[in-house]
Amino acid sequence: MQAPSSEKRPGKQLALGLATLAAWLTLACDRPSESVVVAPGSATPDIILIVIDAARVDRFGAYGYPKSTTPNIDTFAEDAVLYRGVRSSAPWTLPAHASILTGMRSGDHGLHFAPSREVRAKVNALRDSARDRLLASLLSKRGYATLGISNNRWVSKATGLDFGFDNFFLIPSKPEARRRAAAKWLGRPATASTAAELSVELFEMQLEKATPQRPTFTFFNLIEPHFPYLPVDRFAGQLGGDRAALEELIRTHRFLELSMLGGGVQPESPMLSALYDEELLQVDDAVGKILNALRKRDLYDDALIVITSDHGEHLGEDGRYSHQLSMRPELLDVPLIIKYPGGANAGSAVDLPLASTADIHQTLLASTWRENPHAGNWSQDLAKPDAFGREWNLAEYYYSPWYLLQIKQVAPNFDNAAHERVRRLVFTASGSHALDGREDSPLLGTLPSPIREEVQQYLAGLIKTEAPSPVILDEEDLDALRELGYVR
Ligand SMILES: [Zn+2]
């Protein structure tokens, strides 16, 4: 992955090293005098959480990418704190979002692939304990008006991630269905042509209705960088992309994404890469409009605004595509940019190599509670980087035999049996350690003590916990997942 440029932020380098005292003392010298980014939560700031689906950290200008993919987000980063080293808890949408929204690891929240060959039972349900921790639910109890806008069906009522929102809009991916839904929601035809633009329109509608006395929490899933990379006319060709080339591939391969995952089709990486960049440019435009909607109403300065992604994307590295079946940095390394109320520590960067997107949960809650009743779990408050105490981080991938068979049916040479294993990567100060799914994995021996014992305890806890019941998907869900390339 491309190293971010530190020259962009002269004199403001907040570097928190690995969670050892020695590293802490060494690096603390570089920090500004503030040891706390935000005063202990005494306010109820408006909170905006923007998750850009499948957005790789190394494609953001703010993280050093040389092409102009994210001009609006780069400008926003000057008002915000930029976190480096943050990883997603999982390499795909469902468990990754569940971790952001519950602050829990994949194994703990349970919302991931089910070990089932049954098409309608392809994912497990969110555990009750995780449901109780959903951000919208907790912030509602705190008095927030809550709005969810999702462009991805994995983040919707179908999987229970809409729970706790006062209003939740799942934007259809097909243009005709989207137009119909927009007319119903807005009470007039939408001016938006893309899902992201409709997301902005819905947000503006809610802002118009908002009561000034009541703080708001808005969650977005914006899906542009997700496959297929087909930017609309306004952005197509802006960064050298050839949309017609991908459209031709889609025409000639009915289940292109599954085929790419199974090695059946290997499109040229530069072709995909340029189109992917244009999708980022397209989503950046929508993010700019969300931020401008806040600025226009004088809500921007005092708001807490988070921009991140659920996971990255493979664009042909070593024949890898999309975002499954891999635990590489292209999928697990994600951007995280947080603008705190009043612009605290604006323009600084923090290195936290053991941070997780699950930490967004605690960071948001800590901003609103002086005595936060939800502290003390896996998720930690990133507004106080010098108190960050995690010694190890974890990413997990629970496989689906059903999904692997889908791939094999499209790409007959795909070795589905080789992928029938839970993958775990444990990150420590000394690097990453791959484990298999067993509690007594001999690979645990590669971990230093006491991390080894803590990981063992985590695994033992998972095995003792009753497996969550599967989610049964209906025809409409399956149809939508077909659009996303998950179902044949
Ligand atoms: Zn995703």
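Not measured: the values here are computed from a predicted model.

**Considering the overall build of the protein**
- Assigned secondary structure in the protein consists of 16 helices and 16 strands.
- The buried share among the 488 residues of the protein stands at 49%.
- Across the protein, contacts joining residues at least 24 apart in sequence account for 70% of those joining residues at least 6 apart.

**A word on the pairing of strand β14 (residues 423–428)**
- Strand direction decides the pairing type here: strand β13 (residues 393–397) and β14, joined by five bridges, are antiparallel. Residue L394 lies in a different strand from β14, and its bridge partner there is V426.
- Hairpin connection between β14 and strand β15 (residues 431–435): a loop of two residues separates the two successive antiparallel strands.

**Details of the pairing of strand β3 (residues 81–84)**
- Judged by which residues are buried, β3 turns out to be covered on both faces: V81 and Y83 on one side and L82 and R84 on the other are all buried.
- Sheet topology places β3 next to strand β11 (residues 336–339); three bridges connect them, and they run antiparallel. Bridge pairing links V81 to I338 in β11.
- Where β3 meets strand β12 (residues 349–351), three bridges bridge the pair, whose relative direction is parallel. Residue R84 lies in a different strand from β12, and its bridge partner there is D351.

**Quick notes on the sheet that holds β13**
- Across the sheet, three strands lie side by side as β13-β14-β15; this open sheet has antiparallel pairing. The sheet is open, and its two borders are formed by β13 and β15, each paired with just one other strand. Mean inter-strand twist for the sheet, computed between neighbouring axes without regard to direction, equals 20°.

**Topic: the environment of G343**
- Note on placement: G343 falls in the loop between β11 and β12.
- The spatial distance from the C-alpha of G343 to the C-alpha of L304 is 8.8 Å, given a sequence separation of 39 residues.
- Every residue in contact with G343, bar those within four places of it in the chain, is listed here: D79 and D301.

**With respect to the nonpolar core**
- In this structure, I50, Y83, I337 and I338 are the most contacted members of the largest nonpolar core, which totals 125 residues.
- Counting residues per element, this core draws most heavily on helix α11 (residues 269–296), at 11 residues.

**A few points about the packing of helix α8 (residues 195–209) against α11**
- With their axes 9 Å apart at the nearest point, α8 and α11 run at an angle of 10° to one another. With respect to α11, the element α8 is oriented roughly parallel. When α8 is examined against α11, the residues A196, E197, S199, V200, F203, E204 and L207 are found in contact with a partner set consisting of Q282, V283, A286, K289, I290 and A293.
- Residue composition of the contact of α8 with α11, by class: eight nonpolar, two polar and three charged.

**Here's the deal with helix α7 (residues 175–186)**
- Relative to the 16 Å expected for 12 residues at 1.5 Å per residue, α7 spans 16 Å between its end C-alpha atoms, a close match to the ideal helical length.
- Following α7 by one or two positions, G187 adopts a phi angle in the positive range, close to 75°.

**Thoughts on the packing of α7 against α8**
- Contact pair α7 / α8: the axes reach a minimum separation of 11 Å and the direction vectors enclose 5°. Relative to α8, the element α7 lies roughly parallel. Contacts between α7 and α8 involve R178, A182, W185 and L186 from the first element and A195, L198, E201, L202 and M205 from the second.
- For the contact of α7 with α8, the residue count by class is seven nonpolar, no polar and two charged.

**Some points on the environment of Y144**
- By secondary structure assignment, the location of Y144 is in the loop between α6 (135–141) and β5 (145–150).
- For the pair formed by Y144 and R214, sequence separation is 70 residues and the distance between their alpha carbons is 6.2 Å.
- Apart from residues lying up to four places away in sequence, Y144 is in contact with L139, P215, T216 and F217.

**Details of the confidence of the model for the protein**
- Taken over all residues, the pLDDT of the protein has a mean of 87, while the share at 70 or more is 89%.
- Predicted confidence is poor over residues 1–41, with pLDDT under 50, and the contacts of this stretch with residues over four places away or in other chains come to 73 contacts.

**Here's the deal with unusual backbone geometry**
- Here F227 and P228 are connected by a cis peptide whose omega angle stands at 0°.
- Take P228: it is sitting in the loop between β7 (216–222) and α9 (243–252).
- A cis amide bond links S449 with the next residue in sequence, P450, at an omega value of 5°.
- By the secondary structure assignment, P450 is in the loop between β15 and α15 (451–464).
- Residue N345 is not a glycine yet carries a positive backbone phi of 55°.

**Description of the environment of G85**
- Within the secondary structure, G85 sits in the loop between β3 and α3 (93–102).
- It is 9.1 Å that separates the C-alpha atoms of G85 and L336, two residues lying 251 residues apart in sequence.

Conventions used here
Residues numbered from 1 in each chain as written. Predicted model: local features only at pLDDT ≥ 70, side-chain atom pairs only at ≥ 80, totals over all residues. Helix = DSSP H or I, 4+ residues; strand = E, 2+ residues; numbered from the N terminus. Buried ≥ 20, exposed ≤ 12 C-beta atoms within 10 Å, placed from the backbone. Contact = placed C-beta atoms within 7 Å. Pairing = 2+ DSSP bridges. Axes fitted to C-alpha atoms, helices over the stretch in contact; angles between N-to-C directions. Core = buried A, V, L, I, M, F, W, Y, C linked by C-beta atoms within 7 Å. Parallel < 35°, antiparallel > 145°, perpendicular 65-115°, else oblique. Nonpolar A, V, L, I, M, F, W, Y, C, P; charged D, E, K, R; others polar. Expected span 1.5 Å × (residues − 1). pLDDT = per-residue confidence, 0-100.

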